[in-house]
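# Summary of structural features
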Amino acid sequence: MKLEAVDFTAPDAKQKFVESLRQTGFGVLKNHPIQQSSVASIYANWQTFFDSEEKHSFLYNKNKQDGFFPQSVSEVAKGFKKKDIKEYFHYYPWGQCPAELKDELSEYYKNTSALAAELLDWIEQESPEEISKHYSMPLCDMIDGSDQTLLRVLHYPPLAGDEEVDAIRAAAHEDINLITILPAANEPGLQVKAKDGTWLDVPCDFGNLIVNIGDMLQEASGHHFPSTTHRVINPEGTDVTKSRISLPLFLHPRPDVKLSERHTAGSYLTERLKELGVI
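Quick look at the structure, then. Keep in mind that this is a model prediction, so the values were computed, not measured.

It is worth spelling out the pairing of strand β10 (residues 209–213) at this point. Within β10, 5 of the 5 residues are buried, leaving the element largely enclosed by the surrounding structure. In β10, alternate side chains face the same way, and those of Leu209, Val211 and Ile213 on one face and Ile210 and Asn212 on the other are all buried. Where strand β2 (residues 26–30) and β10 come together, 4 bridges link them in antiparallel fashion. Residue pairing in the sheet places Gly27 in a bridge with Val211 of β10. Direction of pairing for strand β7 (residues 179–183) relative to β10: antiparallel, over a ladder of 5 bridges. Opposite Ile179, over in β10, you have Ile213 as the bridge partner.

Quick look at the structure:
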């Protein structure tokens, strides 16, 4: 089995894309509206930021979860004991951000959020009636006016050789949110777990856009759309000297949105963040 990129402009793009999400929890798009030049510029500018001492001036707010998270407080994936080998910056339009980087990041956030709303509409249109009737509202309305959608600028530093045994860049995990939008990173490493337990490499051709289902959409769809386990493996050979920058946008509903009989988006998020040890 292999993940194939779907042409966003093709007449059957919606059907092929949603079927990929249904089967694997992941979909890959090419010829989409997000500008490759914008992504490349963000990667370059944020590499400079992570290489500088300035990052420590933007240390995260524990209550708001915005700002710079150093490797010392990096996440421990659910079921794992070792911290991931990464540092990252949480950007929200209302949160802290270096002034010289904000305009570019804000524009990307706005454009990608608009595309995400369109993709949620695709997912709803392609949901069987017995699934969609349980959505508490149209999927794209769940994110309308939400200030919870998070853009994370991730930096996986070069490997120094003194990393903890068994620690990897991002241990196997599922995302918490509705869907995640991710431009292909500047280095490979992203893998998704297939139904048979094997790991598939996600196509990392620069210009591809990777979309995956999160736990909240799995919850809202009664598991029709699977929140698939994925990871970022460590590089080998000469690639260990290379940084990896990644730019996932995590689409979060407003906290009051009802996902299921058990959960609102707010209650679900709180439960998961406690499991991760970040609150």
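Glancing now at the pairing of strand β5 (residues 150–156). A regular strand places its side chains on the two faces of the sheet in alternate fashion. Most of β5 is tucked away, with 7 of its 7 residues classed as buried. Because side chains alternate across β5, one face comprises the buried residues Leu150, Arg152, Leu154 and Tyr156, and the other comprises Leu151, Val153 and His155, equally buried. Alignment of strand β4 (residues 87–91) against β5, held across 5 bridges, turns out to be antiparallel. Looking at the pairing, Phe89 lines up with Val153 of β5. The pairing of β5 with strand β13 (residues 249–250) spans 2 bridges and is classified as antiparallel. Looking at the pairing, Leu151 lines up with Leu249 of β13.

Over its 12 residues, helix α7 (residues 265–276) runs 17 Å from end to end, which matches the ideal 16 Å to within 8%, given 1.5 Å per residue. Listing the buried residues of α7 in full gives Ala265, Gly266, Tyr268, Leu269, Arg272, Leu273 and Leu276. For α7, the arc enclosing every buried residue in end-on projection is 160°, short of the 170-degree limit, so these residues lie on one face. Taken together, the buried residues of α7 touch α6 (215–220). Two residues or fewer after α7 comes Gly277, characterised by a positive phi angle close to 80°.

The next subject is the environment of Lys258. By the secondary structure assignment, Lys258 is in the loop between β13 and α7. Residues Lys258 and Ser136 lie 122 residues apart in sequence; the distance between their C-alpha atoms is 6.1 Å. Aside from chain neighbours lying at most four places away, what touches Lys258 is Ser136, Met142, His263 and Thr264.

Next up on the list: the environment of Asp141. Positionally, Asp141 belongs in helix α5 (residues 139–142). Residue Asp141 is classed as partly exposed on the basis of its relative accessible area of 35%. Linking Asp141 and Arg254, residues 113 residues apart in sequence, is a C-alpha distance of 9.4 Å.

Turning our eyes to something else, we now look at the pattern of salt bridges. A side chain of one charge can pair with a side chain of the opposite charge when the charged atoms of the two come close. Summed over all chains, the structure comprises 8 salt bridges. With a closest N to O distance of 3.8 Å, Arg254 and Asp256 form a salt bridge. Salt-bridge contacts for Lys258 lead to Glu261; the nearest nitrogen and oxygen are separated by 3.4 Å. Judged by relative accessible area, which is 40%, Lys258 ranks as partly exposed. Connected via shared salt-bridge partners are Asp215, Arg272 and Glu275.

Cut-offs used in this document
Residues numbered from 1 in each chain as written. Predicted model: local features only at pLDDT ≥ 70, side-chain atom pairs only at ≥ 80, totals over all residues. Heavy atoms only, no water. Buried < 20%, exposed > 50% of the residue type's maximum accessible area, 1.4 Å probe, protein only. Helix = DSSP H or I, 4+ residues; strand = E, 2+ residues; numbered from the N terminus. Pairing = 2+ DSSP bridges. Expected span 1.5 Å × (residues − 1). Arc of directions from axis to C-beta. Contact = heavy atoms within 4.5 Å. Salt bridge = Lys/Arg side-chain N within 4 Å of Asp/Glu carboxyl O.

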